[in-house]
Amino acid sequence: MPQLRDYQLEDVTYLLTKDAMGLFNEQRTGKTPTALTVMQARGIEHLLIVCPATLLYNWYNECKRWLGIFDICIIESAKKFRENPVHGAAVYLINYENLRETKKQESLVDVLLKEKITGLIVDEAHRCKSRKSSNFQAIERLSYRVQYRLYLTGTPAHNKPWEVWAILHFIDPHYYRSYWKFIDKFFQTKSIPTAGRFVNVPTVFKPGMDTVLQSELDLVSCNRKRKDIMKWLPNEQEPVTIKLPLTKQQDKYITELEEVFETEHIETQGILDRIIRIRQICTDPGILQLRGKSPKTEWIKKYLKDYPEHQIVLFSNSRLYLCRLQKILLEKDYTVERITGDVPIKDRMTAVQNFQSSKTQVLCIQTQAGKEGLTLDNADVAIFVDTFPPAADYQQARDRIVATTPEKVKPKEIIHLMMEGTYDEALYETVANNIEFTDIVNDYKNYIKRRKTHGK
């Protein structure tokens, strides 16, 4: 059996002090083996693990590796499991989409609880941040009824600091019962008009309450940063920004959209629709069946020619663009695979394995489909074809190429492509400036340490 690192053993000891805890260590620090070891130490006979669909097989392999068990049920279809449930499995693995499946008679949560689940691991728990979402409601029901629980995420507050309430509510549903009491305690609010009426929304911390929240978080979770526990990691390099000039055709399309809301066969309805089309034109006019080359694609082709030895991960929010790019690069005889929302989970795992073993040189990833749970530390460079908020999504995607062991350490480069002087460039600046927005929650350990050091 593999061995935990010293800091993981310390975390296991601390996480065993309460029935429910948060494991908020930064991405790539090994939360999975820590969580499984905690559940094993508790003697859990029937463990339920909830995770994104793309991570089901990651957890399956890690359960075999760290627990040494093979009695694992992967619930890939809620309908099939309901019709023919697997009884008595040591571990049940389910994704959020299947867990929130409901019937008038009985929810899938109730079906699973009949298996006498006493241990619960919720991975990427920030996906439940919205208290009105079906993800939140499903995990809330489990949190009330399963005794031993761990909530894993490297970003407990994904966008706004008050988003951490959801996980605190899961950890202690009684103490953190009311969302608005939590808001009233820690944050100032303002009233804004919405749908013909005024509603209160949180804005900033009340004076001194950031410290109080950090202290409360410290009581119910672990929070470690890579730089503190992986001393062998090289200093993180500043991203390289490549600002490309618009082609005459791109400039024409964008100008017409800005002035008259339409260009060629494209008609837009409202500002949001117009912004989306401008983003697509900045990436590749061909996405919209418009004429003209994509400067970003041309730059990528030149980069591959200049650096044929590099392993490259290409991120984009656009599935259509990545499909087009893969086809173009395959025609140039590059080895290219793709991870987008339409690619089956097993094929995604094969693509990762091929990239990690250097069988594939270029891996094209749709940011939303590949920001979580993938280890791509064989990469030399990550190229972001476009950047779009929230900043935490970009941070998670960037973390995919961080080395997980000293043997994997090598120079890494982060490159952002953008069209100069456009909304494309403004989006990158927005994301870059917001990376630290939720740091007061996500990095509370260092904030506490910093305040103590400076006598604050």
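Overview of the structure. (Residues numbered from 1 in each chain as written. Predicted model: local features only at pLDDT ≥ 70, side-chain atom pairs only at ≥ 80, totals over all residues. Heavy atoms only, no water.)

## Section: the pattern of salt bridges
- For the coordinates displayed, the defined rule picks out 18 salt bridges.
- Glu256 is the salt-bridge partner of Lys252, the closest N and O atoms lying 3.3 Å from each other. Of the two residues, Lys252 and Glu256 are both situated in helix 12 (residues 248–260); the distance of four residues between them amounts to about one turn of the helix.
- Glu256 gets classed as partly exposed once you look at its relative accessible area, which sits at 25%.
- For Asp284, the salt bridge is made with Arg324, and the minimal N-O distance between the two is 3.0 Å. In this pair, Asp284 is assigned in the loop between helix 13 (270–283) and helix 14 (295–306) and Arg324 in helix 15 (residues 319–331), connecting sequence segments 40 residues apart. (Salt bridge = Lys/Arg side-chain N within 4 Å of Asp/Glu carboxyl O. Helix = DSSP H or I, 4+ residues; strand = E, 2+ residues; numbered from the N terminus. Buried < 20%, exposed > 50% of the residue type's maximum accessible area, 1.4 Å probe, protein only.)

## So, the sheet that holds strand 10 (residues 240–244)
- Within the open sheet, the six strands sit side by side as 10-17-16-13-15-14. Their pairing is parallel. In this open sheet, the two strands that pair with only one neighbour each are strand 10 and strand 14 (336–339). For this sheet, the mean angle separating the axes of adjacent strands, direction not counted, is 20 degrees.
- Summarising the sheet, strand 14 and strand 15 (residues 362–366) pair through four bridges and their orientation is parallel. (Pairing = 2+ DSSP bridges. Axes fitted to C-alpha atoms, helices over the stretch in contact; angles between N-to-C directions.)

## Some details on the side chain of Ser294
- Along the polypeptide, Ser294 turns up in the loop between helix 13 and helix 14.
- Relative accessible area serves as the criterion here: at 4%, Ser294 is assigned to the buried category.
- Here the side chain of Ser294 touches Thr283 through a polar contact of 2.7 Å, landing on its backbone oxygen.
- If we skip the residues at most four places from it in the chain, Ser294 touches Thr283, Asp284, Pro285 and Tyr321. (Polar contact = N/O pair within 3.5 Å; in protein donor to acceptor, adjacent residues only side chain to side chain. Contact = heavy atoms within 4.5 Å.)

## Some remarks on the nonpolar core
- Ranked by internal contacts, the top residues of the largest apolar core, which has 51 residues, are Leu36, Ile49, Trp59, Val91 and Ile121.
- Of all the elements, helix 3 (residues 56–67) adds the most residues to this core, at six residues.
- Residues in contact with Ile49, not counting those within four places in the same chain, are Leu36, Trp59, Cys63, Val91, Tyr92, Leu93, Ile94 and Ile121.
- Counting residues in each nonpolar core, the second largest holds 49 residues, with Leu99, Cys128, Trp162 and Tyr179 among its members. (Core = buried A, V, L, I, M, F, W, Y, C linked by side-chain atoms within 4.5 Å.)

## Details of the packing of aromatic side chains
- Under the criterion given, the structure shown has 16 aromatic pairs.
- Consider the rings of Tyr179 and Trp180, whose centres lie 5.1 Å apart with planes at 75 degrees: the pair is edge-to-face.
- Its relative accessible area of 12% is what places Tyr179 among the buried residues.
- Assessed through its relative accessible area of 41%, Trp180 is described here as partly exposed.
- Every member of this aromatic cluster is reached through a ring pair, and the members are Trp162, Tyr175, Tyr176, Phe182, Phe186, Phe187 and Phe205. (Phe/Tyr/Trp six-rings, centres within 6.5 Å; stacked < 30°, edge-to-face > 60°.)

## What to know about the packing of helix 12 against helix 13
- The geometry of helix 12 relative to helix 13 is characterised by a closest axis approach of 10 Å and an angle of 175 degrees between their N-to-C directions. Overall, the two elements helix 12 and helix 13 adopt an arrangement that is roughly antiparallel. Facing Gln250, Tyr253, Ile254, Leu257 and Glu258 of helix 12, the residues of helix 13 in contact are Arg274, Arg277, Ile278, Ile281 and Cys282.
- Grouping the amino acids of the contact of helix 12 with helix 13 by side-chain chemistry returns six nonpolar, one polar and three charged. (Parallel < 35°, antiparallel > 145°, perpendicular 65-115°, else oblique. Nonpolar A, V, L, I, M, F, W, Y, C, P; charged D, E, K, R; others polar.)

## Some remarks on the sheet that holds strand 9 (residues 221–222)
- Taken in spatial order, the seven strands line up as 3-4-2-5-6-1-9 in an open sheet, and their pairing is parallel. The open sheet is flanked by strand 3 (72–75) and strand 9, the only strands paired with a single partner.
- As defined by bridge partners, strand 2 (residues 47–51) adjoins strand 4 (residues 91–95) across five bridges and the pair is classed as parallel. Residue Val50 lies in a different strand from strand 4, and its bridge partner there is Ile94.
- Across the sheet, helix 2 (residues 31–41) is in contact with strand 1 (20–23), strand 2, strand 5 (119–122) and strand 6 (148–152); its angle to strand 6 comes to roughly 175 degrees.
- Together, strand 2, strand 5 and strand 6 form the strand contacts of helix 7 (residues 134–145), whose direction differs from that of strand 6 by roughly 145 degrees.

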